[in-house]
Structures are given as C-alpha cells and as structure tokens.
Amino acid sequence: MSALKEKIIEELEELPEPALKQVMNYLVSLKRHDAEEEPSLLSIAGALSGKQMSGEEIENELYGPVKSK
C-alpha cells in the first residue's frame, strides 16, 4: 500500500461517523464524475436559449431593462 493511502486511512480512523459519511459521499461523487465526464453547466449554457446573447441582453432577461431616471 502506498504511503498516501496509509495516511488517508490513518486520518479516516480519527473521524466521527458523520464525517465518514461525508467522505463517502465525496468519494462516490469523484468516481461518478470520472466515469461520466459530464460537461459543465457553463459549457452548455449558451446553447440552452437557442441564440447567442450579449451580456446586456442576458442582464435584461434576468433583471428587466434598466430604467432611466
């Protein structure tokens, strides 16, 4: 066993049960991410609307047009 794995096991032995559950969830998430290679939200966000939008158009869509005083 590598020194890194041994150190991880030593650290795990000191954790309380709730923290071990968090570690397990993180490990499952890591394995899933590596297996699926899901695209990030930012990489597909532009395609969701079907058209390219400028920063101003996005702000208007989200917050409404800026009102002049």
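About the thresholds
Residues numbered from 1 in each chain as written. Predicted model: local features only at pLDDT ≥ 70, side-chain atom pairs only at ≥ 80, totals over all residues. Heavy atoms only, no water. Helix = DSSP H or I, 4+ residues; strand = E, 2+ residues; numbered from the N terminus. Areas by Shrake-Rupley, 256 points an atom, 1.4 Å probe, with all protein chains shown as cover. Salt bridge = Lys/Arg side-chain N within 4 Å of Asp/Glu carboxyl O. Buried < 20%, exposed > 50% of the residue type's maximum accessible area, 1.4 Å probe, protein only.

1. As for the overall build of the protein chain
Okay, so step 1: Across its full length, the protein chain carries four helices and zero strands.
Okay, so step 2: What you see in the protein chain, going N to C, is helices and strands ordered as α-α-α-α.
Okay, so step 3: Counting only carbon and sulfur atoms, one obtains 58% of the accessible surface of the protein chain, whose full area is about 6,800 Å².

2. Here we look at the pattern of salt bridges
Okay, so step 1: Under the criterion given, the structure shown has one salt bridge.
Okay, so step 2: Linking glutamate 11 and lysine 7 is a salt bridge whose minimum nitrogen-to-oxygen distance equals 3.0 Å. A residue pair is termed a helical-turn pair when its members lie 3 or 4 positions apart in one helix, as glutamate 11 and lysine 7 do in helix α1 (residues 3-13) at four residues.
Okay, so step 3: Classification of glutamate 11 by relative accessible area gives partly exposed; the value is 39%.

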